[in-house]
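# Report on the structure
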Amino acid sequence: MQEHFAFSQLFYYDTSMRKYTAIAKAQVQRGLTYRFTIFMYRVGELAEMVVLIMMWTAIYGDQSVIKGFTLNEMVTYILAGGFVHALVRNFLADVIATDIKDGNLSLFLVKPMGYLEYIFSREVGRMSVPTAFSALSLVVVALLFWDSIIFSDDVMILALFFAMIALAFVIELLLSFLVGLIAFWTDEVNGLHLTIERLKKFLSGGYFPLSLLPVWFVNVSLLFPFAYSFYVPAQLYLGKMDATTGLHGILVQIIWIVLLYGIIQFVWRRGLRKYEGVGI
Amino acid sequence: MAVIQVNNLSKSYEFYRREEGVLGSVKSFFFRKKQYAQAVKSISFSVEEGELVGFLGPNGAGKTTTLKMLSGILYPMSGTVQVLGFTPWRREKEYQKQFALVTGQKNQLLRDLPAMESFILNKEIYGISDTEFHATIDELVELLGVRDVLDIQVRKLSLGQRMKCELIAALLHKPKVLLLDEPTIGLDVVAQKNIRDFLKKYNKEKKTTIVLTSHYMEDIKELCSRVVIINMGSIIYDGALDALVKKYDPYKVLTVTFNNSGVARAAVEKFGTVTEYDPYRCVIKVPRSEARQRAAALLSSDLPVDDILIDEVAIDDVIREIFNQR
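Model, not experiment: these values are computed from the prediction.

Our next topic: the overall build of chain B. Counting secondary structure elements, chain B contains 12 helices and 13 strands. For chain B, the C-alpha radius of gyration of 25 Å lies well beyond 20 Å, the compact-globule estimate for 326 residues. Along the first, second and third principal axes, the C-alpha atoms of chain B reach 75 × 55 × 45 Å. Counting only residues that meet the buried cut, chain B has 41% of its 326 residues in that class.

Next up on the list: the interface of chain A and chain B. Contacts between chain A and chain B engage 28 residues on the former and 30 residues on the latter. Where the side of chain A that touches chain B is concerned, the elements lending two or more residues are α1 (2-8), α2 (18-33) and α6 (105-109) of chain A. Class assignment for the residues of the side of chain A that touches chain B results in 12 nonpolar, 10 polar and six charged.

So, about the packing of helix α4 (residues 71-88) of chain A against helix α11 (residues 231-238) of chain A. Residue and element names in this part refer to chain A. Put simply, α4 and α11 touch, their axes get as near as 8 Å, and they point 130° apart. The orientation of α4 with respect to α11, classified from their angle, is oblique. Crossing hand, α4 versus α11: right-handed. Side by side, α4 and α11 meet where Glu-73, Thr-76, Tyr-77, Ala-80, Gly-81 and Val-84 of the first sit next to Tyr-231, Pro-233, Ala-234, Tyr-237 and Leu-238 of the second. The residue inventory of the contact of α4 with α11, partitioned by class, reads eight nonpolar, two polar and one charged.

This part covers the confidence of the model for chain A. Residue and element names in this part refer to chain A. Averaged over every residue, the pLDDT of chain A is 84; residues scoring 70 or more account for 93%. Within chain A, the lowest mean pLDDT, 44, falls on α1, and the highest, 92, falls on helix α12 (residues 243-274). Confidence over residues 1-8 falls short of pLDDT 50; this stretch has 10 contacts with residues more than four positions distant or in other chains.

So, about helix α11 (residues 291-300) of chain B. Residue and element names in this part refer to chain B. Burial in α11 covers these residues: Arg-294, Ala-295 and Leu-298. All buried residues of α11 fall inside an arc of 100° around its axis, so they share one side. Seen from the open side of α11, the exposed residues pointing more than 90 degrees away from its buried face are Arg-292, Gln-293, Ala-296, Leu-299 and Ser-300. Structurally, α11 contributes buried residues whose contacts are with β10 (251-258), β12 (281-287) and β13 (305-312).

For the rest of this paragraph, the subject is the packing of α2(A) against helix α7 (residues 115-144) of chain A. All names here are of chain A. With their axes 7 Å apart at the nearest point, α2 and α7 run at an angle of 40° to one another. Pair α2 / α7 crosses with right-handed handedness. Along the contact surface, α2 presents Tyr-20, Ile-23, Ala-24, Lys-25, Ala-26, Gln-27, Val-28, Gly-31 and Leu-32, while α7 presents Glu-117, Tyr-118, Ser-121, Arg-122, Val-124, Gly-125, Arg-126, Ser-128, Val-129 and Pro-130. Along the lines of polarity and charge, the residues of the contact of α2 with α7 split into 10 nonpolar, five polar and four charged.

To continue, consider the sheet that holds strand β4 (residues 78-83) of chain B. Residue and element names in this part refer to chain B. Taken together, the three strands give an open sheet; going across it, the order is β2-β1-β4, and neighbouring strands pair in antiparallel fashion. Only two strands of the sheet have a single partner each, and these edge strands are β2 (34-47) and β4. Going across the sheet, the axis of each strand differs from the next one's by a mean of 30°, ignoring polarity. Both strand β1 (residues 4-16) and β2 contribute to a ladder of 10 bridges, which runs antiparallel. Bridging across to β2, Ile-4 finds its partner in Val-47.

Calculation notes
- Residues numbered from 1 in each chain as written.
- Chains lettered and ligands numbered in written order.
- Predicted model: local features only at pLDDT ≥ 70, side-chain atom pairs only at ≥ 80, totals over all residues.
- Helix = DSSP H or I, 4+ residues; strand = E, 2+ residues; numbered from the N terminus.
- Rg over C-alpha atoms; globule rule 2.2 N^0.38 Å.
- Buried ≥ 20, exposed ≤ 12 C-beta atoms within 10 Å, placed from the backbone.
- Contact = placed C-beta atoms within 7 Å.
- Nonpolar A, V, L, I, M, F, W, Y, C, P; charged D, E, K, R; others polar.
- Axes fitted to C-alpha atoms, helices over the stretch in contact; angles between N-to-C directions.
- Parallel < 35°, antiparallel > 145°, perpendicular 65-115°, else oblique.
- Left-handed = near helix turned anticlockwise from the far one by under 90°.
- pLDDT = per-residue confidence, 0-100.
- Arc of directions from axis to C-beta.
- Pairing = 2+ DSSP bridges.

So, in structure tokens, the structure goes:
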């Protein structure tokens, strides 16, 4: 009985959406308060994309194709992947770890609201402002490299592309949540978090397309959720993967979501027993 | 039936000791000795509806730990708690909609937004209707006098204004039980008084059951007819504040003023323990039962007595005494 209630604090089923939209709205407003920071983040992102594109342009030199990628495809890969990445990434692990460490979690535990659903609504709201900026900055980069970009008009592929983004958003969120929960046991999670971030960037194809690596490696990485936050959607978009592979990928994502949610439930329940709510 | 019923409640915290210096740190990196500190030792008490009870005790006495268990943040090691018929750490929605926790140290308001946004958030979280929401806000804002700060970023508010907004946020859903953890900490005297006056009035009008912790004697003196004193995890007193003085302090205080050329210390010492001495003004502690006789004896002596005041020992001193004894 007791266990059951501890779990429901993670996620309260609620038929009314207003609670969630209110949380999201508050974050949108917060986002608008910090226009400058968000703008500067975008500048950094933009610069990174431009540098990557310039680097690949230099590597290609007079070669027209590297490992099956033309330069235009490579540029599109970077832009499409960058777009997906900007949509799905989050900074939640630290938020959650801090909530636990500093005892802010207490304020959620006493309210009729699940912490995970709070975090989820909060993140949807938080990302909306930066996403709008990202879309804008992407247009700027796109204009710079207009001639190099490949545009897709395949509706099926685009639908898969966006479905994959939505699922990847959930996966990234659950992953960060899980990493953050480790703060129940150890006071800081930064080291682990940074390591996972680097690994994720590599495994997701954020540094370069995974297909530059051996086939077995690509196949293994398709079993992990990371590739679906960058490499797979970008490849789908480029038409280098077909709809079947895309659907297969979505199935893998769903399995990961279920798996991660189960692990989070378990960890959450154990963690709350350790929680001391310091600072109040 | 009691609104809050606590029976034999205990809680320990885990902690590690670390030897000083780098070597100590390295050692404790490999070998850590787990130790337990018992924060609350088998305490029992109950609170009736509409009561305003003060928890008093030094830092680390177990006041906050008890409040945390009442609000369901912590699981106890043993013992039972029933608040409004619920076991708090099960964190049932029905319970959470009927109580509120306000802490002076941790704020629930979103710092980067005006307080109004946090109120709206709570409105949705607690499922408060529009009309009810506006009526409650209007009333509370009026009572606390913060109408003109609701649209200012919370982090730009003064501590006093912020605390008042915290109270509003916590009271929007009209909780039946209000738990306050040091609500006046760090506030200036005026703001402290504002908050005290508000709590007093609110408790009287709404019959809300309030449990508050504080280090400030003023808070307890002003607000609470009943005080629970906790020290080192145990309840050492539970009852009316004035009865505490009689129970724990067998003395009264005579403040005697002299005229003419004053008196020598030795001359007054035979009437009781002299705690303050000045040739023209002495404070003498005397046994409670003999206070009258001693005062009469002083008057009829050949000392140049101008005036005598018989007083209770200051409550702060009584409590300090109690804490020192343990």
